[in-house]
Structure formats: structure tokens, C-alpha cells
Amino acid sequence: MLIDQDLAAILSDNTKTISQNIFWDKDEDHSGAQEFRVGVWSEADWPLQVYGWFNDQIGQLSYSLLHLRDGRIVGLDLGDRLIHHNPDCNRRRRRTTCACPRGTHKQVHSEQHQMRVAYVPADISASWDDPVSVWRQFCEEVRIEHLGTLAAPEWQGELEI
């Protein structure tokens, strides 16, 4: 399991680089969704990837920094209808409106909470419907230098119900 000291070293490593253009592919498991996976190089040779997921039909975008052994270590999820219930949420017990993050939220792995705690990030100002701008902000936040371009995903249109 990833310890906090390793996570801090990964996140502070300024040598993390993606040296290719990134294109979205159809997500075979989710209708209307698109995704990509790309490896991240670093001098420390961390086993890292970035995963991106986009679905305009439901209004959601997600970028994740993945450790190939331990899974998601930083997650950024955007979408107006998203709610992340944190471990101390009493909504499930009392059926009340909670103060848990709604819409854009971020999770960072920790030994104590793994990925269960989310918060509203101050450093992400772009919206789910601007994946390229969100990508730039995500890369800046996790200190990845992208030496290429991220293609805009193809818009699928309104979800038919």
C-alpha cells in the first residue's frame, strides 16, 4: 500500500512528463463516454498513468492520476449532479441534507482515508464541458508537464430517454 511519504514524493516530483499527444477513444463499457490512458514518465521512475473520462450526455468529466500498483491516488471529478459523501456524512442515517461536496470535487489518497474523503478544489476553475482547460489545470496541480496536446473529445449530443 502506498504510504503518505511516497505520495508526497510523487506529487512534489517536478520531472513527471507526458511526451505525446492524447486522443479520446470510445469507452466500450459506457454508452456515449470517451476515455484515454497515458503513461507518465519521471526521473524517479514512478509507475504512473493518467486516466481521463468524459461523457457529455450526462455532463461528467474525470481525470485521475493512477499508481499502477495501488490505483487512483489523485482524482478530479466534475459534473453538476455529482455528490461525494464523505465518511462522516450523516445523510444515510438521518435522511438530511448534508454538506458533502457537490459538483466539482477532488480526492487525494492518504493512508488514513485512502480515497474516501473529497473536497471542493480552489485551483480548478474550468467546467466539465471544457475538458482541455480542466486538463491544463489538473496537470499544473499534480505537477505533470504535458509536451503535447490533448484533443478535445467529440460531443455525442443529448442523451435520448
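Report on the accompanying structure. (Residues numbered from 1 in each chain as written. Predicted model: local features only at pLDDT ≥ 70, side-chain atom pairs only at ≥ 80, totals over all residues. Heavy atoms only, no water.)

**As for unusual backbone geometry**
In this structure, aspartate 45 takes a positive phi of about 60° despite not being glycine. Note on placement: aspartate 45 falls in the loop between strand S3 (34-40) and strand S4 (48-55). Of note, the phi angle at arginine 143 is positive, near 60°, even though the residue is not glycine. What makes arginine 143 partly exposed here is its relative accessible area of 41%. (Helix = DSSP H or I, 4+ residues; strand = E, 2+ residues; numbered from the N terminus. Buried < 20%, exposed > 50% of the residue type's maximum accessible area, 1.4 Å probe, protein only.)

**Considering the pattern of salt bridges**
In the structure shown here, the tally under the stated rule is four salt bridges. A salt bridge links arginine 72 to aspartate 77, with the nearest nitrogen and oxygen atoms 3.0 Å apart. Among the residues examined, arginine 72 registers a relative accessible area of 24% and is labelled partly exposed. Connected through shared salt-bridge partners, Lys106, Asp123 and Glu141 make up one network. (Salt bridge = Lys/Arg side-chain N within 4 Å of Asp/Glu carboxyl O.)

**Structural notes on the pairing of strand S6 (residues 71-78)**
Summarising burial for S6: six of the eight residues are buried, a large majority. In this sheet, strand S7 (residues 105-108) lies alongside S6 in antiparallel orientation, the contact comprising four bridges. Bridge pairing in S7 places aspartate 77 opposite histidine 105. (Pairing = 2+ DSSP bridges.)

**Thoughts on the sheet that holds strand S8 (residues 118-119)**
Across a sheet, paired strands are connected by hydrogen bonds in the backbone, their directions being either parallel or antiparallel. Strand order in the open sheet formed by seven strands is S2-S3-S4-S5-S6-S7-S8, with antiparallel pairing between adjacent strands. Unpaired on one side and paired on the other, strand S2 (25-26) and S8 mark the two borders of the sheet. Judged from the two bridges that link them, S7 and S8 form a sheet pairing that is antiparallel. Paired with glutamine 107 across the two strands is alanine 118, which belongs to S8. On the sheet, helix H1 (residues 4-12) packs against S4, strand S5 (60-67), S6 and S7 and is oriented at approximately 60° with respect to S6. Where helix H3 (residues 131-142) meets the sheet, its contacts fall on S3, S4, S5, S6 and S7, and the angle it forms with S5 comes to roughly 30°. (Contact = heavy atoms within 4.5 Å. Axes fitted to C-alpha atoms, helices over the stretch in contact; angles between N-to-C directions.)

**So, the packing of aromatic side chains**
Applying the stated criterion across every chain, the model contains 11 aromatic pairs. Ring geometry for phenylalanine 36 and tyrosine 63: centres 6.2 Å apart, planes at 45°, overall tilted. With phenylalanine 36 in strand S3 and tyrosine 63 in strand S5, this pair connects stretches of sequence that are 27 residues apart. Comparing phenylalanine 36 with tyrosine 63, the two get one shared label, buried. Members of the aromatic cluster, each reached through a chain of ring pairs, are Trp24, Phe36, Phe54, Tyr63, Trp128, Trp135, Phe138 and Trp155. (Phe/Tyr/Trp six-rings, centres within 6.5 Å; stacked < 30°, edge-to-face > 60°.)

**Points about the side chain of lysine 16**
Checked against the element boundaries, lysine 16 lands in the loop between H1 and strand S1 (17-18). Lacking a salt bridge, the buried lysine 16 has aspartate 13 as its closest oppositely charged neighbour, with an N-O distance of 5.5 Å. A distance of 2.9 Å separates a polar side-chain atom of lysine 16 from the backbone oxygen of valine 142. If sequence neighbours within four positions are ignored, lysine 16 has contacts with Ile10, Leu11, Val40, Trp41, Ser42, Leu48, Val142, Arg143, Ile144 and Glu145. (Lys, Arg positive; Asp, Glu negative; His and termini not counted. Polar contact = N/O pair within 3.5 Å; in protein donor to acceptor, adjacent residues only side chain to side chain.)

**A word on the environment of glutamate 154**
With respect to the secondary-structure elements, glutamate 154 resides in the segment after strand S9 (145-146). Distance in space between the C-alpha atoms of glutamate 154 and phenylalanine 54 is 9.6 Å, their sequence separation being 100 residues.

Limitation: the analysis is restricted to geometry and does not speak to function.
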